[in-house]
Amino acid sequence: MNPKPYESHGTGDPTAVPAALGLGLLAVGGWLLTTARPWQKPGHPLTLGLGWTASAALLVCGLVLLARCVRTVHGRPDTDPDAAAAEATAPDAHTHTED
């Protein structure tokens with residue numbers, strides 16, 4: 001009988017923290033963008049420009065982090081060109097030829 005009530009599943013997903021950080025940056029950037037609207041509270045143009053610049057930077061950084069995580073998880077695996085060429089020239093396992 002196994003003394004542990006659970007199995008070891010390894011170290012976990014390495015993209016979880018960057019993805020959570022990206023979502024957090026998107027949330028903060030979106031919140032900052034909605035609070036820096038000139039039509040709701042007229043303010044100094046420098047303050048509005050800084051608010052919009054900061055929110056745009058946060059949104060872009062969040063999108064980049066999420067895109068990198070998605071590409072890591074769902075991207076094509078890196079293949080060796082020599083291995084891909086050997087695989088392309090190898091006979092198909094499902095075809096049967098008789099000599």
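Residues numbered from 1 in each chain as written. Predicted model: local features only at pLDDT ≥ 70, side-chain atom pairs only at ≥ 80, totals over all residues. Heavy atoms only, no water.

Caption draft 1: Fine view of the overall build of the protein. Looking only at helices and strands, the protein features three helices and zero strands. In the protein, the order of α-helices and β-strands from amino to carboxyl end is α-α-α. Here the protein holds 99 residues, and the buried ones make up 12% of them. Pairs at least 24 apart in sequence give 70% of the contacts found in the protein among residues at least 6 apart. Of the roughly 8,600 Å² of accessible surface on the protein, 64% is carried by carbon and sulfur atoms. (Helix = DSSP H or I, 4+ residues; strand = E, 2+ residues; numbered from the N terminus. Buried < 20%, exposed > 50% of the residue type's maximum accessible area, 1.4 Å probe, protein only. Contact = heavy atoms within 4.5 Å. Areas by Shrake-Rupley, 256 points an atom, 1.4 Å probe, with all protein chains shown as cover.)

Caption draft 2: Here's a closer look at the side chain of Thr15. Mapped onto the elements of the fold, Thr15 is located in the segment before α1 (16-35). On the accessibility criterion, Thr15 (11% relative accessible area) is buried. Filtering out sequence-adjacent residues up to four positions away, Thr15 remains in contact with Cys69, Thr72 and Val73.

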